[in-house]
Amino acid sequence: MFLDEVGELTPALQVKLLRVLQEREFERVGGTMTIKVDLRLIAATNKNLEEAIESGQFRQDLYYRLNVVSLEMPPLRERREDIMLLANYFASKYSALCNRKLKGFSPEARECLTAYDWPGNVRELENTIERAIVLGTTEWILPEDLPEALLEREMTLDQSLTTYHQIVVQNKKQ
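Residues numbered from 1 in each chain as written. Predicted model: local features only at pLDDT ≥ 70, side-chain atom pairs only at ≥ 80, totals over all residues. Heavy atoms only, no water.

A. Looking closely at the packing of helix α4 (residues 80–97) against helix α5 (residues 107–115). With their axes 9 Å apart at the nearest point, α4 and α5 run at an angle of 125 degrees to one another. Taken as axis vectors, α4 and α5 run oblique relative to one another. In this structure, the crossing between α4 and α5 has a hand that is right-handed. In this structure, α4 uses Arg-80, Ile-83, Met-84, Ala-87 and Asn-88 to contact α5, whose residues at the interface are Arg-110, Leu-113, Thr-114 and Ala-115. Of the residues that constitute the contact of α4 with α5, the class distribution is five nonpolar, two polar and two charged. (Axes fitted to C-alpha atoms, helices over the stretch in contact; angles between N-to-C directions. Helix = DSSP H or I, 4+ residues; strand = E, 2+ residues; numbered from the N terminus. Parallel < 35°, antiparallel > 145°, perpendicular 65-115°, else oblique. Left-handed = near helix turned anticlockwise from the far one by under 90°. Contact = heavy atoms within 4.5 Å. Nonpolar A, V, L, I, M, F, W, Y, C, P; charged D, E, K, R; others polar.)

B. Summary view of the nonpolar core. Ranked by size, the top nonpolar core spans 21 residues in total, and within it Phe-105, Leu-113, Trp-118, Leu-125, Ile-129, Ile-141 and Leu-146 carry the most contacts. Mapped onto this core, the elements with two or more residues apiece are α4, α5, α6 (121–135) and α7 (148–157). If one sorts the elements of this core by residue count, α4 sits on top with six residues. If sequence neighbours within four positions are ignored, Ile-129 has contacts with Ala-87, Phe-90, Ala-91, Phe-105 and Leu-113. Formed by 10 residues, the second largest nonpolar core is a distinct cluster that contains Leu-21, Ala-52, Ile-53 and Leu-62. (Core = buried A, V, L, I, M, F, W, Y, C linked by side-chain atoms within 4.5 Å. Buried < 20%, exposed > 50% of the residue type's maximum accessible area, 1.4 Å probe, protein only.)

Right, dumping it as structure tokens:
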């Protein structure tokens with residue numbers, strides 16, 4: 001079982017999860033029968049759980065129960081070489097779902113994608129590529145198919161792109 005954002009669990013849910021992990025059984029809501037489970041758990045969080053323990057937001061016993069094997073994945077902005085690998089994967093996935101022929105990314109779009117810091121990490125990248133597939137009108141993903149946030153960084157570097165981007169936005173609105 002995969003639990004995403006385990007650091008966001010309320011204290012009441014932490015107690016219940018700890019009980020299931022220790023006893024390997026639970027009862028359904030409204031149920032009376034105890035159900036035995038044999039599961040392996042993978043948990044993910046973007047919080048520092050040691051700090052959450054110190055501040056009383058996360059149970060220390062649950063932390064030690066979950067922290068059998070710990071893997072730390074650096075954010076996407078620290079793995080820029082992975083951006084285009086993931087972008088190509090998501091482009092392939094969503095172009096097939098949307099039944100859209102796609103040749104790839106324009107060099108300018110590649111530059112925008114790799115220069116961006118991705119505060120939303122891989123989820124933000126996936127949503128960006130899905131948006132580009134849905135809104136794009138050519139066989140290539142172009143900078144104008146990307147969200148404005150990706151282009152804002154480029155705007156400060158190149159004023160002509162600002163003008164170009166503003167024109168694209170106005171045309172899309174029309």
